[in-house]
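Tertiary structure, described
The primary structure of each chain is shown beneath.
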Amino acid sequence: MVRLIPRLHAPPPPPPRVPAGLPLPLLPAPALAATLLEAVSSSPSLPHLRHLHALAVRLPLPATSLPFLLSRLLRRLAALPPPPHAPLPYALNVFSAVSPPDHFLAAALLRFAFLTQPPLLPFRVFSHLRRAHGAELPFLPFAFSTLAKSATASRSLPAAAAAHAVSVLVGGFDRHRFVENSLIGAYVACGDVGAARKVFDEMVEKDVISWTSIVVAYTRSGDMRSAEEVFGRCPVKDMVAWTAMVTGYAQNAMPVKALEVFDRLAELGMVIDEVSLTGAISACAQLGAVTRAAWVQEIAERTGFGNNVVVGSGLVDMYAKCGLIDEASKVFYGMQEKNVYTYSSMIAGLASHGRASEAIALFKEMVNRANVEPNHVTFIGVLTACSHAGMVGEGRYYFAQMKDKYGIMPSADHYACMVDLLGRAGLVDEALDLVRSMSVTPHGGVWGALLGACRIHGKSEIAKVVAEHLFKLEPESIGNYVLLSNILASAGKWEEVSKVRILMRKQRLKKDPAVSLFEGRDGLVHQFFAGDNAHPRTHEIKKALLELVAKLKLEGYVPILSSIVYDVNDEEKERLLMGHSEKLALSFGLLTLGSGCTIRIIKNLRICDDCHLFMRLVSRVESVEIIVRDNMRFHHFKNGECSCGGFW
């Protein structure tokens, strides 16, 4: 084992010798100290610092100057490019040059260890100093702040608790504000929001860092209600606090609130940075809000982030998820710098829009011409493209290439893509065999993809086996119960359907309501639930829908009643079909935008067979383009055809 800290009984190494040929000091001691300090601050190398160290300990400097000078030497030493082994023993030598030991220099030594050594090593240095010097060496609050930062860097909750404990026991420094803030930061980084809040509540004096840290803690944990409470009480809200709320709402699937806060941030004239922009971009992507998307891009360009690779990659993803794949492409090809995330976003966007050939061509350009190394996210996009286009051979090829050529071991997410690919293509048994032979433990996404394949191809017996795994992995995910129930209902196994529904009631699970979003011309997003009567124009919407259905029936439309899996008569099934949320959104879109327009709809669930047929026919009869984003992919309906080619 490599010894990182010298043995306590070993004598301290002698100070370095004064290099031969150095002139004797001719300056007064204070001026000499200032000269040495300037030389230390600009020292170019470790040997040069050693020479300056030799001068510092041998020349007649003021007694109070030496600890400060040596602490600056440690700071400069930490900033130098590290040699093969970071010179911690030499840093300990610098500390030992002052007798009795200096508390300011001890804090500098801990900071040096934090900046140059593995994250938890400052704790070992602290223990070494305590054992070697005991009460002879009092510590400054800075020392405990460094320990807390070390715990933050290592994401170690025991280390955070240890930093907290020693700050109390050694000097009662837990009541120093910057130490308290460091402890809050450590607990937040380690995910212990309760401990962070306890430190916060016990603070005598809080500053903006204290308040903001707790806001961040709650947003990261998904507790937006508590984040709102703390944010509302915060006496001074800086840009970091506002940004935390924007990103918190976006990360917790509350895009409307994220954009509301971003609006307010902009109105107040706060500085908009890369992080807040990325949060707003994510919110637009979730909403599919085209008007807002263009507005956010305008802000990005106005604030100078138009060429930022992180923001640019986010804009590519945003436009793709808003249904504007051509706009995403414009942003992509207009970017001066692209990285693996930029390419991955564009490949995933093309895949979700059913443009598999373009996605694969872009992947080839990425690795062959741009020399950008793909990562695991890139391959999820490529395999998804193959899945949505039924390209089984290509999917198998890239799945093998991922490991054999690029050394990326398949994760459960990659296996989920392959299971989805095989299952959609009708190779359900092969997909099941692949799951059973996986090199990693299958998660819910893998079994969910297989259950979806069972629905498409009517494999009710395999579905029951798959569902058992899902019920164990995700006992509270109602979607799995609903999907199994629908598969069994389609097979006419109503007794088994009843058993599944009884199980759902025992688990007290409620089905997620189907909801569709439609963005009006004014940018206002309208929300429609299945069978909705809440919209202020409900009467007009349903009347227009009935007229549209009658018009389509003259064109040969016959409702696909099998899309309703309830054991009711055909008339009731047709009535239920007319209440589907995407049909209500479409009817409202035609009412407000008229023929010859583009109607964009976002649905939280998979579009059913009947609604898919309905959209195709409407796009032809009304001469409109309809873009529907369901939970699987995009469907572009135009002139009676869909971009998915009936494969989704």
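Residues numbered from 1 in each chain as written. Predicted model: local features only at pLDDT ≥ 70, side-chain atom pairs only at ≥ 80, totals over all residues. Heavy atoms only, no water.

Some remarks on the overall build of the protein
Broken down by element type, the protein carries 32 helices and 6 strands. Seen through its principal axes, the protein has C-alpha atoms that stretch 105 × 55 × 55 Å. Burial analysis of the protein (648 residues in total) assigns 50% to the buried set. About 30,600 Å² of surface is accessible on the protein, with carbon and sulfur atoms providing 55% of the total. (Helix = DSSP H or I, 4+ residues; strand = E, 2+ residues; numbered from the N terminus. Buried < 20%, exposed > 50% of the residue type's maximum accessible area, 1.4 Å probe, protein only. Areas by Shrake-Rupley, 256 points an atom, 1.4 Å probe, with all protein chains shown as cover.)

Thoughts on the sheet that holds strand β5 (residues 634-638)
Spatially, 6 strands are ordered β2-β1-β3-β4-β5-β6 in an open sheet, and the strand pairing comes out mixed. Of all the strands in the sheet, the pair left with one neighbour each is β2 (525-529) and β6 (641-642). One ladder, built from 5 bridges, connects strand β3 (residues 598-603) with strand β4 (residues 625-629); its direction is parallel. Across the sheet, T598 pairs through a bridge with E625, a residue of β4. (Pairing = 2+ DSSP bridges.)

Here we look at the nonpolar core
Ranked by internal contacts, the top residues of the largest apolar core, which has 181 residues, are L74, F139, L277, M318 and L450. Among all residues touching F139, those that are not within four sequence positions of it are A106, L110, F126, L129, R130, F144, V170 and F173. Membership of the second largest hydrophobic core comes to 35 residues, among which are L613, F614, I626 and F637. (Core = buried A, V, L, I, M, F, W, Y, C linked by side-chain atoms within 4.5 Å. Contact = heavy atoms within 4.5 Å.)

Notes on empty space enclosed by the protein
The final tally for this structure, using the stated rule, is 2 cavities of 30 Å³ or more. By volume, the largest cavity is sized at about 90 Å³. Surrounding the largest cavity, 16 residues form its lining, L287, G288, R600, I601 and I602 being those nearest its centre. Of all the elements in the fold, those that place two or more residues in the lining of the largest cavity are β1 (515-519), β3 and β4. A per-class count over the lining of the largest cavity returns 10 nonpolar, 2 polar and 4 charged. Taken as a whole, the second largest cavity holds about 40 Å³ of empty space. Residue lining of the second largest cavity: F528, D532, H535, T538, I541, K542 and L584, and that is the complete set. No other element matches the 3 residues that helix α29 (residues 538-554) contributes to the lining of the second largest cavity. (1 Å grid on protein atoms, 1.4 Å probe; cavity = no way out; pocket = protein on both sides within 12 Å on 5 of 7 lines; lining within 4 Å. Points joined across faces, edges and corners; volume = space filled by probe spheres on them. Nonpolar A, V, L, I, M, F, W, Y, C, P; charged D, E, K, R; others polar.)

So, the UniProt feature "repeat: PPR" (unreviewed entry) in the protein
On the UniProt side, "repeat: PPR" (unreviewed entry) is annotated at positions that read residues 176-210, 238-272 and 339-369 here. In the segment residues 176-210, helix accounts for 74% and strand for 0%; the C-alpha atoms at its two ends are 12 Å apart. For residues 238-272, the end-to-end C-alpha separation is 11 Å, with 74% helix and 0% strand making up the annotated structure. (UniProt positions renumbered as here; feature names shortened; annotations may be inferred.)

Quick look at the environment of A186
The topology assignment puts A186 in helix α9 (residues 177-189). For A186, a relative accessible area of 0% translates into the label buried. Distance from A186 to A151, taken between C-alpha atoms, is 5.9 Å for residues 35 residues apart in sequence. Those residues in contact with A186 that lie beyond four places of it in its chain are A148, A151, T152 and A160.

Comments concerning the packing of aromatic side chains
If you walk through the whole model with that rule in mind, you get 20 aromatic pairs. Where Y557 meets F614, the ring centres are 5.6 Å apart and the plane angle is 75 degrees; that geometry is what we call edge-to-face. Taken together, the positions of Y557 in the loop between α29 and α30 (570-578) and F614 in helix α32 (residues 609-621) put the pair 57 residues apart, joining distant regions of the chain. Y557 gets classed as buried once you look at its relative accessible area, which sits at 3%. Given a relative accessible area of 0%, F614 falls into the buried group. Three or more aromatic residues joined by ring pairs make a cluster, and in this case those are F363, F379, Y397, Y398 and Y406. Residue placement shows R50 over the ring face of Y90; its charged tip is 4.2 Å from the ring centre. Between K237 and the ring centre of F231, over which it is positioned, the NZ or CZ distance is 5.2 Å. (Phe/Tyr/Trp six-rings, centres within 6.5 Å; stacked < 30°, edge-to-face > 60°. Lys NZ or Arg CZ within 6 Å of the ring centre and 35° of its normal.)

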